[in-house]
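Here is what each chain is made of, one letter per residue.
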Amino acid sequence: MHKLRLHAIRPALPSDEGALAVLDRETWSTLHSVQPRPQPPYPPFFDERHPPRDFLVAETAPDGGRADADTDATEAPGIAGYIRLVAPTPLACHQHVRQIQGLSVAATARGLGIGRALLRAAFTEARRQGANRITLRVLGHNGPARALYASEGFAVEGVLPGELFLAGGYVDDVLMGRAL
């Protein structure tokens, strides 16, 4: 098994659709998703409400610092994560805010700092788009995500207790935000 490293974070391309759809299905969990488990036939990953321009993707590549028999130095980078960044509403009065509406990292790439790198890239992109604030919603029982967000400056700004019923139990909807 070869070691991976973060290669790049870049805007999504229409040609990323297949890889992102597979990643999305493979990382589905009631820890973070309010949608039912995806079932075939699968809908497109990109659609009118989720165009490529709303996504940043993280690519990994084999770590060239170690020569493994399984590692091919010419292996192309692969998509290991994504973040979706959008305006929370189409209202002009809300255009100074960007909202993270999805963050996913492949199980094989966890622990490489990809989630943190995607967040930081989203901060940069949100500023580039003219935003001065960024928000997100996270499920109350998703401790790892909440810890990551807090470590990157997000604060809990509201909690909707028992707002969702998932996997047989009530779950809080936690609203977090930070200035850019």
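Residues numbered from 1 in each chain as written. Predicted model: local features only at pLDDT ≥ 70, side-chain atom pairs only at ≥ 80, totals over all residues. Heavy atoms only, no water.

### Some words on the overall build of the protein
Basically, it comes down to this: A run of H or I in DSSP counts as a helix once it spans at least four residues, and a run of E counts as a strand once it spans at least two, with each numbered from the N terminus. When a residue's accessible area, from a 1.4 Å probe over protein chains only, is under 20% of the maximum for its type it is buried; when over 50% it is exposed; and in between it is partly exposed. Any two residues whose heavy atoms approach within 4.5 Å are treated as being in contact. In this description, accessible areas are obtained by the Shrake-Rupley approach with a 1.4 Å probe, and a residue is regarded as covered only by the protein chains that are shown.
Along its length, the protein carries three helices and seven strands. When the elements of the protein are put in sequence order from the N terminus, they spell out β-α-β-β-β-α-β-α-β-β. The principal-axis extent of the C-alpha atoms belonging to the protein is close to 50 × 40 × 35 Å. Across the 180 residues of the protein, 38% fall into the buried class. Once local pairs closer than 6 in sequence are excluded, the contacts in the protein between residues at least 24 apart make up 67%. Carbon together with sulfur atoms contributes 55% to the accessible area of the protein, which is approximately 10,100 Å² in total.

### Focus on the nonpolar core
Rules: Joining through side-chain atoms within 4.5 Å is the link that ties buried Ala, Val, Leu, Ile, Met, Phe, Trp, Tyr and Cys residues into a set, and such a set is a nonpolar core.
Membership of the largest hydrophobic core comes to 35 residues, with the highest contact counts inside it found for Leu20, Ile100, Leu119, Tyr149 and Phe154. In terms of residue count, the dominant contributor to this core is helix α2 (residues 114-128) (seven residues). In contact with Ile100, other than residues within four places in its own chain, are Ile83, Arg84, Leu85, Leu119, Ile134, Thr135, Leu136 and Phe154.

### Digging into the packing of aromatic side chains
Each aromatic ring pair is summarised here by two numbers: the centre-to-centre distance and the angle between the ring planes. For the record, the criterion: For this analysis, a ring pair means two rings from Phe, Tyr or Trp (six-membered ring only for Trp) whose centres lie within 6.5 Å, classed as stacked if their planes differ by under 30 degrees, edge-to-face if by over 60, and tilted for the remaining angles. Sitting over a ring, as applied to charges here, requires NZ of Lys or CZ of Arg to be within 6 Å of the ring centre and within 35 degrees of the ring normal.
A complete count under the given rule lists eight aromatic pairs for this structure. Taken together, a centroid distance of 5.9 Å and an interplanar angle of 45 degrees make the contact between Phe123 and Phe154 tilted. Here Phe154 lies in the loop between α3 (143-151) and β6 (155-166) and Phe123 lies in helix α2, a separation of 31 residues in the sequence. An identical accessibility class is assigned to Phe123 and Phe154; each is buried. What links up through ring pairs into an aromatic cluster is the set Phe45, Phe46, Phe55 and Tyr82. A cation sits over an aromatic face here: Arg25 above Tyr42, 3.8 Å from the ring centre. Sitting over the face of the ring of Phe123, Arg178 holds its NZ or CZ atom 4.2 Å from the ring centroid.

### Here we look at the pairing of β6
Two faces make up the sheet, and in a regular strand the side chains alternate between them. To keep things clear, this is the line we draw: Strands pair, by our definition, only if DSSP identifies at least two bridges between them.
Where β6 meets strand β7 (residues 169-179), eight bridges bridge the pair, whose relative direction is antiparallel. Its bridge partner lying in β7, Gly158 is registered against Leu175. Here β6 folds back onto β7, and the loop between the two strands holds two residues, one of which, Ala167, carries a positive phi near 50 degrees.

### Here we look at the pattern of salt bridges
Put simply, the rule reads: A pair is scored as a salt bridge if a Lys or Arg side-chain nitrogen falls within 4 Å of a carboxyl oxygen belonging to Asp or Glu.
In total, this model carries eight salt bridges according to the counting rule given. Across the pair Arg133 and Glu157 runs a salt bridge, and its minimum N-O distance is 2.5 Å. Of this pair, Arg133 sits in strand β5 (residues 133-139) while Glu157 is found in strand β6, placing the two residues 24 residues apart along the sequence. Judged by relative accessible area, Arg133 falls into the partly exposed class, the value being 26%. Residue classification places Glu157 among the partly exposed positions, given a relative accessible area of 44%. Bridged by salt links that share partners, the residues Arg10, Asp16 and Glu59 form one connected network.

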